[in-house]
Amino acid sequence: PPDSEALGRSTWTFLHTMAAYYPNQPTVPQQQGMQIFLRQFAQVYPCGHCASHLRSEMKTDPPRVNSRADLSQWMCETHNKVNDLLGKKIFDCSKVDERWRDGPKD
Ligand code: FAD
């Protein structure tokens, strides 16, 4: 498979940024579109065991697409499950906007 570290890093950049710029009050079609996107994403992500793990996580904890805040938190929690699995540091999910949207306060 491709370099899974680089692929993972750039994919998380995309996923968290997508969540950070998702509408605060998405329309029903926008919510459905995001559900479809995430389900399809979990089918095609080019790291087979990663995608398979993601699909099973999405069964027990389905994507929360009701709002930007909910999707951002869901994405953070989902990433933390992978961090935990890999023995990486758990990210503080109260800091997702600072990391992926607003930039650090100075
Ligand atoms: P990454 O985990 O890639 O994180 C990049 C940056 O995101 C970090 O530097 C930090 O600033 C920020 N960040 C970290 N945690 C969070 C969080 N919870 N919320 C918001 N921001 C955060 N690798 C495997 O070996 N096995 C797997 O099963 C696996 N599954 C994956 C599933 C998916 C959907 C994706 C996208 C990747 C997966 N990977 C998996 C790759 C793995 O998650 C990492 O991307 C890779 O190991 C590189 O790690 P990294 O230390 O550079 O930081």
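Residues numbered from 1 in each chain as written. Predicted model: local features only at pLDDT ≥ 70, side-chain atom pairs only at ≥ 80, totals over all residues. Heavy atoms only, no water.

(A) Quick peek at the environment of tyrosine 21. Within the fold, tyrosine 21 resides in the loop between helix 1 (4-20) and helix 2 (28-44). Given a relative accessible area of 52%, tyrosine 21 falls into the exposed group. Residues tyrosine 21 and arginine 68, 47 residues apart in the sequence, show an inter-C-alpha distance of 7.0 Å. (Helix = DSSP H or I, 4+ residues; strand = E, 2+ residues; numbered from the N terminus. Buried < 20%, exposed > 50% of the residue type's maximum accessible area, 1.4 Å probe, protein only.)

(B) Region of interest: the site of the ligand. Around the ligand sit 21 residues in total, of which Arg9, Trp12, His79, Lys88 and Arg99 are the nearest. Here a nitrogen atom of the ligand and a side-chain polar atom of asparagine 83 are 3.0 Å apart. Contact distances for the ligand include 2.8 Å between an oxygen atom and a side-chain N or O atom of arginine 99. Sorting the residues of the shell around the ligand by element identifies helix 1, helix 3 (48-60), helix 4 (68-86) and helix 5 (96-102) as the ones contributing at least two each. Considered class by class, the residues forming the shell around the ligand number 10 nonpolar, 7 polar and 4 charged. (Near = heavy atom within 4 Å. Polar contact = N/O pair within 3.5 Å; in protein donor to acceptor, adjacent residues only side chain to side chain. Nonpolar A, V, L, I, M, F, W, Y, C, P; charged D, E, K, R; others polar.)

(C) Structural context of the state of the cysteines. On inspection of all chains with the given rule, the structure shows 2 disulfides. Here cysteine 47 engages in a disulfide with cysteine 50; their sulfurs sit 2.1 Å apart. Negative torsions about the S-S bond denote left-handed disulfides, and the value of about 60° found for cysteine 47 with cysteine 50 makes this one right-handed. For cysteine 47, a relative accessible area of 6% translates into the label buried. (Disulfide = S-S within 2.5 Å.)

(D) Structural context of helix 4. Look at helix 4: 27 Å from first C-alpha to last across 19 residues, which is about the 27 Å you get at 1.5 Å a residue. Inspection of helix 4 places Arg68, Leu71, Ser72, Trp74, Met75, Cys76, Thr78, His79, Asn80 and Asn83 among the buried residues, and these make up the whole buried set. Looking at the buried positions of helix 4, the neighbouring elements they touch are helix 1, helix 2, helix 3 and helix 5. (Expected span 1.5 Å × (residues − 1). Contact = heavy atoms within 4.5 Å.)

(E) Layout of the side chain of asparagine 83. With respect to the element layout, asparagine 83 can be found in helix 4. Sequence-distant contacts of asparagine 83, that is, excluding residues within four places in its chain, are made with Lys88, Lys89, Ile90 and Phe91.

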